Amino acid sequence: MGEGMSVDVLVRYAVMMLGLMVVFFLLAVITPWLAKHVDKWIANYREKHSPRRDPLYSVRSIYELPPKKEDLADAPADPAQEQPAGSQDETDDKTQ
């Protein structure tokens with residue numbers, strides 16, 4: 001009981017504390033670098049997926065009305081449902 005703590009225990013405790021401090025230091029150094037890259041990625045993602053390009057997929061409040069059809073005219077149309085303007089006239093001429 002009068003012996004106290006051994007040197008081996010003190011060294012092991014000191015190494016664990018230094019290791020923990022190194023981990024905290026690395027997190028403090030890496031976080032701003034990682035945040036810069038994440039901000040750049042988010043800016044590119046928002047530019048490509050802007051609500052102006054995809055008005056149908058934007059998040060709205062439950063109290064907001066759905067977008068008007070005039071607002072949806074700017075949205076990209078489904079090419080499978082869309083026909084060229086002159087296609088009906090050409091088919092009518094061929095069948096007659």
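Computed from a predicted model, the values in this text were never measured in an experiment.

Draft legend 1. Examining the overall build of the protein more closely. Broken down by element type, the protein carries three helices and zero strands. Taken across its 96 residues, the protein has 3% of its residues classed as buried. In the form shown here, the protein has an accessible surface area of approximately 9,700 Å², with 63% of it arising from carbon and sulfur atoms.

Draft legend 2. Representation of the packing of aromatic side chains in the model. Under the defined criterion, the tally for this structure stands at one aromatic pair. Summarising the aromatic geometry, the rings of W41 and Y45 are spaced 5.5 Å apart at their centres and angled 20 degrees between planes, so their arrangement reads as stacked. Separated by four residues within a single helix, W41 and Y45 lie in helix α1 (residues 7-48), roughly one turn from each other.

Draft legend 3. Expanded view of the confidence of the model for the protein. When pLDDT is averaged along the protein, the result is 75; 59% of the residues meet or exceed 70. In the model of the protein, helix α3 (residues 87-95) stands out as the element of lowest mean pLDDT, 50, in contrast to α1, which has the highest, 93.

Draft legend 4. Highlighting α1. Here α1 contains 42 residues, and its C-alpha end-to-end distance of 61 Å stays within 8% of the 62 Å for a straight helix at 1.5 Å per residue. Roughly 30 degrees is the biggest bend found in α1, and it falls at I30, with proline P32 one to four residues downstream.

Draft legend 5. Up close: a nonpolar patch on the surface. Among the surface-exposed residues, Y13, M16, M17, L18, L20, M21, V23, F24 and L27 lie close enough to one another that they form a single nonpolar patch of about 940 Å² accessible area. By the secondary structure assignment, L18 is in helix α1.

What counts as what
- Residues numbered from 1 in each chain as written.
- Predicted model: local features only at pLDDT ≥ 70, side-chain atom pairs only at ≥ 80, totals over all residues.
- Heavy atoms only, no water.
- Helix = DSSP H or I, 4+ residues; strand = E, 2+ residues; numbered from the N terminus.
- Buried < 20%, exposed > 50% of the residue type's maximum accessible area, 1.4 Å probe, protein only.
- Areas by Shrake-Rupley, 256 points an atom, 1.4 Å probe, with all protein chains shown as cover.
- Phe/Tyr/Trp six-rings, centres within 6.5 Å; stacked < 30°, edge-to-face > 60°.
- pLDDT = per-residue confidence, 0-100.
- Expected span 1.5 Å × (residues − 1).
- Bend = angle between axes of the 7 residues up to and from the residue.
- Patch = residues over 30% accessible without salt bridge, like charges linked within 9 Å, V, L, I, M, F, W, Y side chains within 5 Å.
- Salt bridge = Lys/Arg side-chain N within 4 Å of Asp/Glu carboxyl O.

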